[in-house]
Amino acid sequence: MPTMRAAFASRLDKSDPLAALTVGERPEPTHPEDDWVTVQVRASSLNHHDLWSLRGVGLTEAQLPMILGCDAVAVDPEGNEVVVYPVVVTPGDPRGVSILSEHFAGTLAERVAVPRSNLVPLPDGLAATDAACLPTAWLTAWRMLTTKGRVEDADSVLVQGAGGGVATAAVALAVAMGKRVYATSRDAAKRERIAALGATAVEPGARLPERVDVVIETVGAATFDHSLKSAAPMARIVVSGATAGHEPTVNLRRVFAMQLEILGTSMGTPGELYELLAFCADNAVRPVVDSVVPFSQVEKAFARLHSGDTFGKIVVDHTA
Ligand SMILES: NC(=O)c1ccc[n+]([C@@H]2O[C@H](COP(=O)([O-])OP(=O)(O)OC[C@H]3O[C@@H](n4cnc5c(N)ncnc54)[C@H](OP(=O)(O)O)[C@@H]3O)[C@@H](O)[C@H]2O)c1
């Protein structure tokens, strides 16, 4: 059976996700339906989702081994450069859809199979290593700000845990949209880098100079009370992750008295990915890239993501 190199979950480990990661040979992709194609991956990027998978969140023993990775820029069978939209219709899943690496093999491999309709043309002027950051973390941030957060009606935005992939995306996009952006980070060096992106960087929990109209939450329990306290009347608190705990204490008095909206969201639509790609290409917005590593060093890249020491996205170059 022909094989290809891949990074995959060979087992699940709640406390030591890096121990569950294997880099080695896996069978070439197969097509569950006729309208699927195999594309050659040029660049991918890591997400916290990959660590959750190794921990067994959203992945069961029965699904192993599972190739990880949600994001990819690739070359399609006709030789076109494409961005892979990672959400696939999945009838057996309660959500009706799944993200690559949940039910279907992910992008951290030489090749990946997806429905042809999941391929979006790579716009001119966007490098593969930049565009590989966009389909998951940046798409999530785009939808959080636009469709869910209704940022066009907002003057100010707070982004929690701003060193993360979704969070740096939200900061860069909200700044590019002309909003006043506040961002928290536990790390002084990251706060300096957030300030360089055009946001006002503060320590977690710090009182802001004003209440904000939109809060971007991916941290969860560690920051949620601050998100509630920082929200202006009628503000939208948009939640797409809970890296530091998913069961925060919520002061409901503040929710109803201030008429706050707490909105959950996950990923985005293909239309939103088109909009995001066009926005980045037209406004010269580029992803915040922590580092670009060759595929041969993908284990080191996972260790870096796990350390929490990152600022922006870790990109994997599959051509190196
Ligand atoms: N629903 C979706 O569609 C979707 C899509 C992408 C991601 N997500 C979720 O969103 C979350 C973030 O993902 P990501 O890929 O952006 O992760 P990431 O790059 O690993 O970022 C996580 C960030 O959270 C902050 N953080 C971690 N622990 C913290 C703590 N104890 N207290 C305060 N801040 C803490 C850190 O910011 P500082 O170091 O700056 O403080 C860190 O940089 C994950 O839970 C992920 O599953 C959801």
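Residues numbered from 1 in each chain as written. Predicted model: local features only at pLDDT ≥ 70, side-chain atom pairs only at ≥ 80, totals over all residues. Heavy atoms only, no water.

Chemist: An account of the pattern of salt bridges is requested, with residue identities and associated values reported.
Modeler: According to the stated counting rule, one finds 14 salt bridges in the structure shown. Among the salt bridges present, the one from Arg 42 reaches Glu 81, with a minimum N-O distance of 1.7 Å. Note that Arg 42 is positioned in strand 3 (residues 36-45) and Glu 81 in strand 6 (residues 81-84), a separation of 39 residues in sequence. Across the pair Glu 78 and Arg 116 runs a salt bridge whose closest N-O atoms are separated by 3.1 Å. Remark: Arg 116 occurs in the loop between strand 9 (111-115) and strand 10 (119-121) and Glu 78 occurs in the loop between strand 5 (73-75) and strand 6; sequence separation between them is 38 residues. Connected through shared salt-bridge partners, Glu 28, Glu 110 and Arg 111 make up one network. (Salt bridge = Lys/Arg side-chain N within 4 Å of Asp/Glu carboxyl O. Helix = DSSP H or I, 4+ residues; strand = E, 2+ residues; numbered from the N terminus.)

Chemist: Let's hear about the site of the ligand: which residues, and what values?
Modeler: The environment of the ligand is formed by 24 residues, the closest being His 48, Ser 185, Lys 190, Ser 240 and Met 267. Contact distances for the ligand include 2.5 Å between an oxygen atom and a side-chain N or O atom of His 48. Backbone polar atom of Gly 163 to an oxygen atom of the ligand: 2.8 Å apart, as the coordinates give it. Its free accessible area being 910 Å², the ligand has 87% of it covered by the protein chains. Elements with a minimum of two residues in the shell around the ligand: helix 1 (48-55) and helix 4 (165-176). Of the residues belonging to the shell around the ligand, the class tally is 9 nonpolar, 13 polar and 2 charged. Taken domain by domain, the makeup of the shell around the ligand includes at least three residues from each of domain 1 (3-133 + 287-317) and domain 2 (137-264). (Near = heavy atom within 4 Å. Polar contact = N/O pair within 3.5 Å; in protein donor to acceptor, adjacent residues only side chain to side chain. Areas by Shrake-Rupley, 256 points an atom, 1.4 Å probe, with all protein chains shown as cover. Nonpolar A, V, L, I, M, F, W, Y, C, P; charged D, E, K, R; others polar. Domains from an automatic or database assignment.)

Chemist: Residue-level account of the packing of aromatic side chains, with values.
Modeler: One pair of aromatic rings is described through two measures. These are the centre distance and the angle between the planes. By the definition in use, this model includes 2 aromatic pairs. Considering the side-chain rings of Trp 142 and Phe 279, the 5.2 Å spacing of their centres and the 50 degrees angle between planes classify their relative orientation as tilted. Placement of the pair is Trp 142 in helix 3 (residues 134-148) and Phe 279 in helix 8 (residues 270-282), with a sequence separation of 137 residues. The pair Trp 142 / Phe 279 is uniform in exposure class, with both members buried. Directly above the ring of Phe 8 sits Arg 26, whose terminal nitrogen or CZ lies 5.4 Å from the centroid. (Phe/Tyr/Trp six-rings, centres within 6.5 Å; stacked < 30°, edge-to-face > 60°. Buried < 20%, exposed > 50% of the residue type's maximum accessible area, 1.4 Å probe, protein only. Lys NZ or Arg CZ within 6 Å of the ring centre and 35° of its normal.)

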